[in-house]
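# Understanding the architecture of this molecule
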Amino acid sequence: MDMKKRITLELRNRSPAEIAELVVDNSRSADGEVEGLTDEFTELEFLSMVNVGLSSLAKLPSLPKLRKLELSDNNLSGSLETLSEKCPNLTYLNLSGNKIKELSTVEALQNLKSLQSLDLFNCEITSLEDYRESVFELLPQVTYLDGFDQEDNEAPDSEADDEDEDGEDGAGPTGDYDEDDDEEEDEDGSEGGEVGLSFQVNRGDQDEDEEDYAEEEEEEDAAGVQGQKRKRDVDDEGEEDDDDEDD
């Protein structure tokens, strides 16, 4: 599907000014240019054009509120100066998997004063000697390059933080509450819902079972003693028979 048609579908009968996020990944751009986007997308904050065959950003419209731009897996090798002109408020830019080879290409991003995170993973530029040091020097406003800062600290993942808050941290109070409930149930003499309801009803039967079990144990003990006695009697008889044969 071509990019222009994909954008029309993504609008879903809404006007471009109502769109804050737009994803057209894996669609096809005509002649490697951006198409279907216009200056009417005034509220757009997130734009993803992954693997759409882009080789130029010359036709990118003015997107003053755009903060995050995904351009990975395209054929871009330059024209990055367009970004500072059309998207001056970018804070995140992903250019991984493109054909960026020279530091001079990245230098065109110096005017993106709000840029905090830049991704150039899988670009030829990453094989240059002192690549990271050079990029951080060229773009002092950038905090994270390829997901890590200058001290190799990983960029925080907001989604992972949210999961921790809803998961492990959130489970703490719930776990304590359940444990208290279990202790209260133990004090009442019950171990679970159904057992607790029938506990008092079955308690008398359990006592009777315990008495029967004790009686059975006594009978088994007595039988065991008798068995041993019978064994000894048989042995004694065997010895007497041997004496008779000797006589």
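Residues numbered from 1 in each chain as written. Predicted model: local features only at pLDDT ≥ 70, side-chain atom pairs only at ≥ 80, totals over all residues. Heavy atoms only, no water.

## Looking at the sheet that holds strand 1 (residues 21-23)
- Read across the sheet, six strands follow the order 1-2-3-4-5-6 without closing on themselves; strand pairing throughout is parallel. Unpaired on one side and paired on the other, strand 1 and strand 6 (144-145) mark the two borders of the sheet.
- Of the strand pairs in this sheet, strand 1 and strand 2 (residues 46-48) are connected by three bridges, and their pairing is parallel. Residue Leu22 lies in a different strand from strand 2, and its bridge partner there is Leu47. (Pairing = 2+ DSSP bridges. Helix = DSSP H or I, 4+ residues; strand = E, 2+ residues; numbered from the N terminus.)

## A short note on the pattern of salt bridges
- Overall, the coordinates contain two salt bridges when judged by the stated rule.
- Between Arg6 and Glu10 there is a salt bridge whose closest N-O contact spans 3.1 Å. Note that Arg6 and Glu10 are positioned in helix 1 (residues 3-11) at a spacing of four residues, about one turn of the helix.
- By relative accessible area, which is 21% here, Glu10 ends up partly exposed.
- A salt bridge links Glu43 to Lys65, with the shortest nitrogen-to-oxygen separation between them at 2.9 Å. Of this pair, Glu43 sits in the loop between strand 1 and strand 2 while Lys65 sits in the loop between strand 2 and strand 3 (68-70), and the two are 22 residues apart along the sequence. (Salt bridge = Lys/Arg side-chain N within 4 Å of Asp/Glu carboxyl O. Buried < 20%, exposed > 50% of the residue type's maximum accessible area, 1.4 Å probe, protein only.)

## Quick look at unusual backbone geometry
- Of note, the phi angle at Asn51 is positive, near 55 degrees, even though the residue is not glycine.
- Within the secondary structure layout, Asn51 lies in the loop between strand 2 and strand 3.
- Backbone geometry at Asp146 places phi at a positive 55 degrees, although glycine is not the residue there.
- Position of Asp146 relative to the elements: it lies in the loop between strand 6 and helix 5 (158-166).

## Notes on the side chain of Asp119
- Tracing the backbone through its elements, the reader meets Asp119 in strand 5 (residues 117-119).
- Despite being buried, Asp119 has no salt bridge partner; Arg132 is the closest side chain of opposite charge, sitting 8.6 Å away.
- Looking at Asp119, its side chain comes within polar contact range of the main-chain nitrogen of Phe121, at 2.9 Å. (Lys, Arg positive; Asp, Glu negative; His and termini not counted. Polar contact = N/O pair within 3.5 Å; in protein donor to acceptor, adjacent residues only side chain to side chain.)

## With respect to helix 1
- Within helix 1, the full set of buried residues consists of Met3, Arg6, Ile7 and Leu11. Here the buried residues of helix 1 occupy an arc of 140 degrees about the axis, which is enough to place them on one side.
- Structurally, helix 1 contributes buried residues whose contacts are with strand 1.
- The opening residue of helix 1 is Asp2, an N-cap whose side-chain oxygen sits 3.2 Å from the backbone nitrogen of Lys4.
- Looking one or two residues past helix 1, Arg12 carries a phi angle of roughly 50 degrees, positive in sign. (Arc of directions from axis to C-beta. Contact = heavy atoms within 4.5 Å.)

## A look at the confidence of the model for the chain
- When the pLDDT values of the chain are averaged, the result is 78; 64% of them are 70 or greater.
- Counting interchain partners and residues more than four positions distant, the pLDDT-below-50 stretch residues 159-180 has five contacts.
- Residue range residues 189-202 is modelled with pLDDT below 50. Its contacts to residues more than four positions away, or to other chains, number five contacts. (pLDDT = per-residue confidence, 0-100.)

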